[in-house]
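Tertiary structure, described
The chain contents come next:
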Amino acid sequence: MSYDKELTAARKAASLAASLCQKVQKALLQSDVQWKSDRTPVTVADYGSQAIVSFVLERELSDEPLSLVAEEDTGDLCKDSGKDTLQRITKLVNETIANDGSYGACTLSPEDVLRAIDSGRSEGGSFGRHWVLDPIDGTKGFVRGDQYAVALALLHNGKAVLGVLACPNLPLASIAGNAPSEYAVGCLFYAQVGSGTFMQSLDGSSPVKVHVSDIGNSEDASFFEPFEKAHSMQELTSAIARKLGVKAPPVRIDSQAKYGALSRGDGEMYFRFPRKGYREKIWDHAAGCIVVTEAGGVVIDAAGRPLDFSKGEHLDSDTGIIATNRKLMPSILKAVRESLEEKPSSC
Ligand SMILES: Nc1ncnc2c1ncn2[C@@H]1O[C@H](COP(=O)(O)OS(=O)(=O)O)[C@@H](OP(=O)(O)O)[C@H]1O
Ligand SMILES: [Mg+2]
Ligand SMILES: [Mg+2]
Ligand SMILES: [Mg+2]
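Sequence positions are assigned chain by chain, starting from 1 and proceeding in written order. All chains are assigned letters beginning with A, and all ligands numbers beginning with 1, in the order in which they are written. Local features are withheld for residues below a pLDDT of 70 in this predicted model, meaning they are given only at 70 or higher, and side-chain atom pairs are given and counted only at 80 or more; totals for whole chains, interfaces and linings count all residues. Calculation of side-chain values draws on the structure's entire complement of heavy atoms; hydrogens and water are dropped beforehand.

1. Description of the overall build of the protein chain
Only DSSP runs of H or I reaching four residues or more are called helices, and only runs of E reaching two or more are called strands; each is numbered from the N terminus. When helices and strands are tallied, the protein chain shows 9 helices and 14 strands. In summary, the protein chain has a C-alpha radius of gyration of 19 Å against a globular reference of 20 Å for 347 residues, a match within 12%. Taking the principal axes of its C-alpha atoms as reference, the protein chain extends roughly 60 × 45 × 40 Å. Working definition: with a 1.4 Å probe on protein chains only, accessible area under 20% of the residue-type maximum means buried, over 50% means exposed, and in between means partly exposed. Taking all 347 residues of the protein chain together, the buried fraction comes to 56%. We call two residues in contact when some of their heavy atoms are within 4.5 Å. Taking the contacts inside the protein chain whose residues are at least 6 apart along the sequence as the reference set, 72% of them involve residues at least 24 apart. The protein chains shown are the only cover counted for residues, whose accessible areas, like all others here, come from Shrake-Rupley with a 1.4 Å probe. Counting only carbon and sulfur atoms, one obtains 51% of the accessible surface of the protein chain, whose full area is about 14800 Å². The positive count covers Lys and Arg only, the negative count covers Asp and Glu only, and His and the chain ends enter neither. For this purpose, a charge sits on NZ of Lys, CZ of Arg, CG of Asp or CD of Glu. A gap of 3 Å separates the mean positions of the 38 positive and 46 negative side-chain charges of the protein chain. Atoms counted for the radius of gyration: C-alpha only. Globule rule: 2.2 Å times the number of residues to the power 0.38.

Pasting the structure below:
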């Protein structure tokens, strides 16, 4: 089955959402950053990006009702204290639609924007088609001025069949070795099941097919991990790296930009080990997972199982997530198992 039409719509949606985010990141005011009840940040760009993606998918794929599982909801925007924020989001969304120019004189009201954001309340599951969206993955990185991604995937009967990652701050050239890049930034990665992974610049260069690194000796390999210490146990990942004989220091960047960088061979491994009790969300991995697997890589949990996106908004994964190439996977799994056995149980 081909998902060409859906992929075209998803690329447009993620690109427009990225242009909205870029505008906000340039002029980010502290008043545009709010804190959710789980003490994580959310900005006008997270909401605006979700509204734009939902709007574009509805318009481009109008023959099928939209089922969208997405991170944000309108709870805080519907309170009296959210009215100014909603006005700013509505302005941003309308400016993005007007700049794109393909939807005529279409203007959304604040109520339309609320409806667009809340169309992301589907629960997903193992039947039918569900879009999965992280409107800004890596909001902490976005607020710092660092890496972030707009991450959009389509699930069909519980499997990711396409994925798009817009990474506005990721250099177009390799970031291997943490080298500061003088090259232009702004990458769009996209993959459809069975068709490989491609990367182009966000401003529309011709796509190139990308492939994961084929390094098979872990001593020559490098690894990505979350920038935020709170998101992954860095003591554990350095123990795993030591067992593998890895010489290079970890490359710590925010968001699913890590999956994008891995898919084009900037590094060989991505280790993510959240602390006990944290439950991973499907929107943090679905797009990145298909981008890496279609580029020839593997994404599994610490028990060696493929990620299961069919159980609703949470991933039912064991302990941690590992992405790498096929040659390195067996030795990594062995090092992970040994390191987990040696880890103090308080972690
Ligand atoms: N405690 C904890 N443990 C693990 N993961 C967490 C935790 N808290 C949040 N999150 C999720 O991490 C998402 C950000 O992605 P990364 O962790 O790869 O980026 S970062 O380098 O740490 O910024 C981030 O996604 P966004 O909320 O979309 O930014 C969260 O879903
Ligand atoms: Mg996220
Ligand atoms: Mg997010
Ligand atoms: Mg968030």
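More follows now that the structure is in view.
2. Regarding the sheet that holds strand E13 (residues 297-301)
Taken in spatial order, the 5 strands make up an open sheet running E11-E10-E12-E14-E13, and their pairing is mixed. At either margin of the open sheet sits one strand with a lone partner, and together these are strand E11 (251-252) and E13. Pairing between two strands is assigned when DSSP locates at least 2 bridges connecting them.

3. Some points on the packing of helix H3 (residues 83-100) against helix H4 (residues 110-118)
For the pair H3 and H4, interaxial distance at closest approach is 9 Å and the crossing angle is 85°. Accordingly, the angle class assigned to the pair H3 and H4 is roughly perpendicular. Residue-level contacts link Leu 86, Gln 87, Ile 89 and Thr 90 of H3 to Pro 110, Val 113 and Leu 114 of H4. The class makeup of the residues in the contact of H3 with H4 is 5 nonpolar, 2 polar and no charged. Orientation is described by axes fitted as lines to C-alpha atoms, over the contacting stretch for helices, and by angles from 0 to 180 degrees between their N-to-C directions. Roughly parallel covers angles under 35 degrees, roughly antiparallel covers those over 145, roughly perpendicular covers 65 to 115, and oblique covers all other angles. Amino acids outside the nonpolar list (Ala, Val, Leu, Ile, Met, Phe, Trp, Tyr, Cys, Pro) and the charged list (Asp, Glu, Lys, Arg) are all regarded as polar, and Gly is one of them.

4. Focus: the pairing of strand E7 (residues 185-192)
Of all 8 residues in E7, 7 are buried, a share of seventy percent or more. One ladder, built from 7 bridges, connects strand E6 (residues 159-171) with E7; its direction is antiparallel. Among the inter-strand pairings, Leu 162 is bridged to a residue of E7, identified as Gln 192. The pairing of E7 with strand E8 (residues 197-201) spans 5 bridges and is antiparallel. Bridge pairing in E8 places Leu 188 opposite Gln 200.

5. A look at the pairing of E8
Of all 5 residues in E8, 4 are buried, a share of seventy percent or more. Between E7 and E8, which follow one another and run antiparallel, lie 4 residues, and Gly 194 among them has a positive phi close to 85°. Pairing analysis gives 3 bridges linking E8 to strand E9 (residues 208-210), with the strands arranged antiparallel. Counterpart to Met 199 in the pairing with E9 is Val 208. Hairpin connection from E8 to E9: 6 residues lie between these consecutive antiparallel strands, with Gly 204 at a positive phi of about 100°.

6. With respect to the coordination of the magnesium ion (ligand 2)
Every protein donor of the magnesium ion (ligand 2) is listed here as Asp 134 (OD), Asp 137 (OD) and Asp 284 (OD), and their distances to the metal cover 1.9 to 2.1 Å. Because water is not among the atoms used, a metal site may look incomplete, as its donors are only the N, O and S atoms within 2.8 Å, or 3.2 Å for Na, K and Ca. We note that the donor set of the magnesium ion (ligand 2) lies within a single chain, spaced as D-x2-D-x146-D. When its relative accessible area of 0% is taken as the criterion, Asp 134 is described as buried.

7. Topic: the packing of helix H2 (residues 44-60) against H3
Each pair of packed helices can be summarised by the angle the axes make with each other and by the distance between the axes. Where H2 meets H3, the closest approach of the two axes is 9 Å, and the angle between their N-to-C directions is 45°. As summarised for this structure, H2 and H3 are arranged oblique, according to the angle between their axes. Crossing of H2 over H3 shows right-handed handedness. Counting all contacts with H2, which are made through Val 44, Tyr 47, Gly 48, Ala 51, Ile 52 and Phe 55, the residues of H3 involved are Thr 85, Arg 88, Ile 89, Leu 92, Val 93, Thr 96 and Ile 97. Tallied by class, the residues present in the contact of H2 with H3 amount to 9 nonpolar, 3 polar and 1 charged. Should the near helix be turned counterclockwise from the far one by less than a right angle, the crossing is left-handed, whereas a clockwise turn marks it as right-handed.

8. Remarks on the site of ligand 1
Surveying the vicinity of ligand 1 reveals 20 residues, the closest of which are Phe 227, His 231, Asp 254, Lys 258 and Asp 284. One of the backbone nitrogen or oxygen atoms of Ile 253 is found 3.4 Å away from an oxygen atom of ligand 1. Two N or O atoms count as a polar contact when they lie within 3.5 Å, although within protein this holds only if one can serve as hydrogen donor and the other as acceptor, and sequence-adjacent residues are included solely when both atoms are side-chain atoms. In this structure, an oxygen atom belonging to ligand 1 sits 2.6 Å away from a side-chain N or O atom of Asp 254. Relative to its unbound accessible surface of 630 Å², ligand 1 loses 89% to contact with the protein. When residues of the shell around ligand 1 are traced back to their parent elements, those giving at least two are strand E4 (129-137) and strand E12 (269-272). Among the elements that line the shell around ligand 1, the one with the most residues is E4, at 3 residues. Nearness is judged by heavy atoms alone; a residue qualifies as near a molecule or strand once a single heavy atom is within 4 Å of it.

9. A look at the sheet that holds E6
With respect to topology, 7 strands assemble into an open sheet ordered E3-E4-E5-E6-E7-E8-E9, the strand pairing being mixed. Here the strands that pair on one side only, and so sit at the sheet edges, are strand E3 (68-70) and E9. Ignoring strand direction, the axes of neighbouring strands in this sheet form an average angle of 20°. Packing against the sheet, H2 makes contact with E3, E4 and strand E5 (149-156), and its axis sits at approximately 150° to E4. The strands touched by helix H8 (residues 286-294) within the sheet are E4, E5, E6, E7 and E8, with E6 carrying the most contacts at an inclination of about 95°.

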